[in-house]
Amino acid sequence: MRLSRAFRFRSEYSLNLTAEGFNIANRTNYASVNNIVGATFAPSFNVHGTADLSPSQPLAFTAANAKREIQLGARLTF
């Protein structure tokens, strides 16, 4: 999500203020799954990763993307 606002000062100056937000809902976005499967793993291959397992277990999530981020900016043009 991005919000911006422009302000003009006289005729030669302008100021742009910007606020950007990433992952605003702060939802966990998993990045990778432990895909090393040992000999004791025997269910069908139609399985998906799950958050209920520890990262060292097969098909457990091992990393997540960044959490909520907010970025502010200002730009002065003259």
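In the block above lies the structure referred to throughout.
Cut-offs and rules
- Residues numbered from 1 in each chain as written.
- Predicted model: local features only at pLDDT ≥ 70, side-chain atom pairs only at ≥ 80, totals over all residues.
- Heavy atoms only, no water.
- Helix = DSSP H or I, 4+ residues; strand = E, 2+ residues; numbered from the N terminus.
- Buried < 20%, exposed > 50% of the residue type's maximum accessible area, 1.4 Å probe, protein only.
- Contact = heavy atoms within 4.5 Å.
- Areas by Shrake-Rupley, 256 points an atom, 1.4 Å probe, with all protein chains shown as cover.
- Pairing = 2+ DSSP bridges.
- Axes fitted to C-alpha atoms, helices over the stretch in contact; angles between N-to-C directions.

**So, the overall build of the protein**
Turning to step 1, where the next piece is worked out: Assigned secondary structure in the protein consists of 0 helices and 5 strands.
Turning to step 2, where the next piece is worked out: For the protein, the succession of helices and strands along the chain, N to C, is β-β-β-β-β.
Turning to step 3, where the next piece is worked out: Evaluated residue by residue, the protein yields a buried proportion of 9% over its 78 residues.
Turning to step 4, where the next piece is worked out: Sequence separation of at least 24 residues holds for 56% of the intrachain contacts in the protein that already meet a minimum separation of 6.
Turning to step 5, where the next piece is worked out: Carbon and sulfur atoms form 55% of the exposed surface of the protein, whose accessible area is close to 6,600 Å².

**Focus: the sheet that holds strand 5 (residues 69-77)**
Turning to step 1, where the next piece is worked out: If you walk across this open sheet you meet the 3 strands as 1-2-5, and the pairing is antiparallel. Across the chains shown, the open sheet's two edge strands, defined by having one partner strand only, are strand 1 (2-9) and strand 5. Within the sheet, the average angular offset between the axes of one strand and its neighbour, ignoring direction, is 10 degrees.
Turning to step 2, where the next piece is worked out: Across 9 bridges, strand 2 (residues 13-22) lies against strand 5 in antiparallel orientation. The partner of F22 across the bridge, within strand 5, is E69.

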